[in-house]
Amino acid sequence: MNAPYTNVNVENTDSVTKEEVEAPFQQSGKVPDGIRNVPVGSSAVIVAEEGDDTSGTVHTASKAVIQYSKPTAKEAADPSSLSISEAPKYPVLQPRPQELKPGSAKGDRSSTPPLAKGFSRERSTPLSNIQGTGLEGRITCEDVDEHQPPASTAALAKPPAEHNLNSNTPEAIGTRSTHSKQELPQHYLTMEINMDEVLKLCERLNEKLEDKDESTKLSADDFILKAVACALADVPTANSARLGQVIKQYNKVDISMAVVTPTGLMAPTIKDVGSKGLATISAEAKTLAKKARECRLIPQEYEGGTFTISNLSTLGIDHFTAIINPRQSCNLAVGCLKSSIIPCLEGERGFKTCSIMKVTLSSDYRVVDSAVGARWLAALKGYLEDPWTLLL
């Protein structure tokens, strides 16, 4: 056996036995038999081949100070009472307590979806005040929406003041749009609708309204608002939104309508459109649009929409795609009317000219897939091409 010499250190007397230390020759015993109080880690014996020079090893090992003493008579009679001195006092590392971020007991802020974070910033609601109900305590958009301030704060709150739009409005719109495009699997469906019957009925009703109230005048936009509400009643899945891990279906149709303002697009909301008549819808739409252009909207007038209509017909745009707003699943892009020639078997010429409007539905595919979107567009087309059904 040509193994080099080595030091055998005392580490654990319960596990190291004579049988385990096998060597061909014990050159120098550093700790005699029967000695107690040997520090753990000290050199116990030097093992080498017979004839090896161990003078350097002995000199190195002698640097370690070993203090021991003879056992007492009682300890000699009872070898089990022999004890080894405590190991050197090294600093003991205690497990570090987990640091809790402010408000972490109410939900995991690090895993909060960006859409919920952006929504909380819009409402000026700190995430630390919100109790998360999502997976593993995550905060969802529904948690942010349903969060109510403390009663004391709400009691001292001042009446809502008119919202003065500033240069940050484009930033807020850009932030929401970015979150929407990144978070939602948006897809698009386009359909052409013949608006001739709407224009005829609108003209007839305006003649009747002039005798009662000259300030009231209907437009094609009012019919579109009413038709959208009726189509949502027929296909309620389109009046839903995915909030975290659940899909929430809204009971009322609150339509946000995009309005071009000096500082960008704003979307005031007409509440419960399905329960209102055309004249009421027209009056509210005109009032909200005027306040939006004058930057006098209050938060209650542009929050809480369940469906959005983006109408750029006044700007001459005939087709575009709109971005879905937070807490919604659909946005209907409405283009301008264009004269088109379509076949007409009843006429002498075999064709006729009509006003065609092109609409594109942007929807969250997790909630409104292609089949649901197609059914909803078909319902909208049916109401607008036969607008008398809107009066029933």
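Above: the structure in question.
So, here's what we can say about the structure. (Residues numbered from 1 in each chain as written. Predicted model: local features only at pLDDT ≥ 70, side-chain atom pairs only at ≥ 80, totals over all residues. Heavy atoms only, no water.)

Here we come to the overall build of the chain. When helices and strands are tallied, the chain shows 10 helices and 13 strands. The burial tally for the chain puts 36% of its 392 residues in the buried class. At a minimum sequence separation of 6, the contacts of the chain that also span at least 24 residues come to 66%. Of the roughly 23,300 Å² of accessible surface on the chain, a fraction of 53% belongs to carbon and sulfur atoms. (Helix = DSSP H or I, 4+ residues; strand = E, 2+ residues; numbered from the N terminus. Buried < 20%, exposed > 50% of the residue type's maximum accessible area, 1.4 Å probe, protein only. Contact = heavy atoms within 4.5 Å. Areas by Shrake-Rupley, 256 points an atom, 1.4 Å probe, with all protein chains shown as cover.)

Among the surface-exposed residues, Glu203, Glu207, Glu210 and Asp211 lie close enough to one another that they form a single negatively charged patch. Structurally, Glu210 can be placed in helix α7 (residues 196-212). Residue class for Glu210 comes out partly exposed when judged on its relative accessible area of 48%. (Patch = residues over 30% accessible without salt bridge, like charges linked within 9 Å, V, L, I, M, F, W, Y side chains within 5 Å. Salt bridge = Lys/Arg side-chain N within 4 Å of Asp/Glu carboxyl O. Lys, Arg positive; Asp, Glu negative; His and termini not counted. Charge placed at Lys NZ, Arg CZ, Asp CG, Glu CD.)

With 17 residues, α7 ought to run about 24 Å at 1.5 Å a step, and its terminal C-alpha atoms sit 25 Å apart, in line with that. When we look at burial in α7, the residues that qualify are Asp196, Val198, Leu201, Cys202, Asn206 and Leu209. Each element contacted by the buried residues of α7 is listed here: β4 (186-194), α8 (220-234), β13 (351-364) and α10 (370-385). (Expected span 1.5 Å × (residues − 1).)

One open sheet holds the six strands; their spatial order is β4-β13-β12-β11-β7-β10, and the pairing between them is mixed. The sheet terminates laterally at β4 and β10 (269-270), the two strands that pair on one side only. Against the sheet, α8 touches β7 (255-257), β10, β11 (307-311), β12 (330-343) and β13, its axis set at about 150 degrees to β11. Against the sheet, α10 contacts β4, β11, β12 and β13, and its axis sits at roughly 20 degrees relative to β4. (Pairing = 2+ DSSP bridges. Axes fitted to C-alpha atoms, helices over the stretch in contact; angles between N-to-C directions.)

This part takes up the packing of aromatic side chains. Counted by the stated rule, this structure contains one aromatic pair. Centre to centre, the rings of Phe307 and Trp376 are 5.2 Å apart; their planes meet at 35 degrees, and the pair counts as tilted. Of this pair, Phe307 sits in strand β11 while Trp376 is found in helix α10, placing the two residues 69 residues apart along the sequence. Across the pair, exposure class does not vary: Phe307 and Trp376 are buried alike. (Phe/Tyr/Trp six-rings, centres within 6.5 Å; stacked < 30°, edge-to-face > 60°.)

With that settled, the discussion passes to the pairing of strand β6 (residues 246-249). Where strand β5 (residues 240-243) meets β6, four bridges bridge the pair, whose relative direction is antiparallel. Bridge pairing links Ala241 to Lys248 in β6. Following β5, the chain reverses through two residues before pairing antiparallel with β6; Gly244 in that reversal takes a positive phi of roughly 70 degrees.

Moving on, we get to the environment of Gly132. Structurally, Gly132 can be placed in the loop between α3 (114-122) and α4 (141-146). Residue Gly132 is classed as buried on the basis of its relative accessible area, which comes to 11%. In this structure, the C-alpha to C-alpha distance between Gly132 and Asp143, residues 11 residues apart in sequence, is 6.3 Å.

Using the criterion set out here, one finds eight salt bridges in the structure. The closest approach of N and O atoms between Lys358 and Glu192, which form a salt bridge, is 4.0 Å. Separated by 166 residues along the polypeptide, Lys358 in strand β13 and Glu192 in strand β4 bring together distant segments of the chain. The partly exposed category is assigned to Lys358, whose relative accessible area is 26%. Residue Glu294 pairs with Arg296 through a salt bridge whose shortest N-O separation is 2.7 Å.

On the surface, Val260, Leu265, Leu315 and Ile317 cluster together to form a nonpolar patch covering roughly 330 Å² of accessible area. Checked against the element boundaries, Leu265 lands in strand β9 (residues 264-266).

Residue class for Leu265 comes out partly exposed when judged on its relative accessible area of 44%. If sequence neighbours within four positions are ignored, Leu265 has contacts with Ile173, Val259 and Val260.

A positive phi is found at Cys295, a non-glycine position, where the angle reads about 60 degrees. In this structure, Cys295 sits in the loop between α9 (278-293) and β11. For Cys295, a relative accessible area of 18% translates into the label buried. Within the chain, Arg327 stands out as a residue other than glycine whose phi angle is a positive 65 degrees. Within the secondary structure layout, Arg327 lies in the loop between β11 and β12. Taking the relative accessible area as the measure of exposure, Arg327 reaches 10% and is therefore buried.

Examined bridge by bridge, β11 and β12 share four bridges and lie parallel to one another. Directly across from Asn311, in β12, lies its bridge partner Val334. Pairing geometry for β12 and β13, over 12 bridges, is antiparallel. Within β13, the residue paired with Ser340 across the bridge is Cys354.

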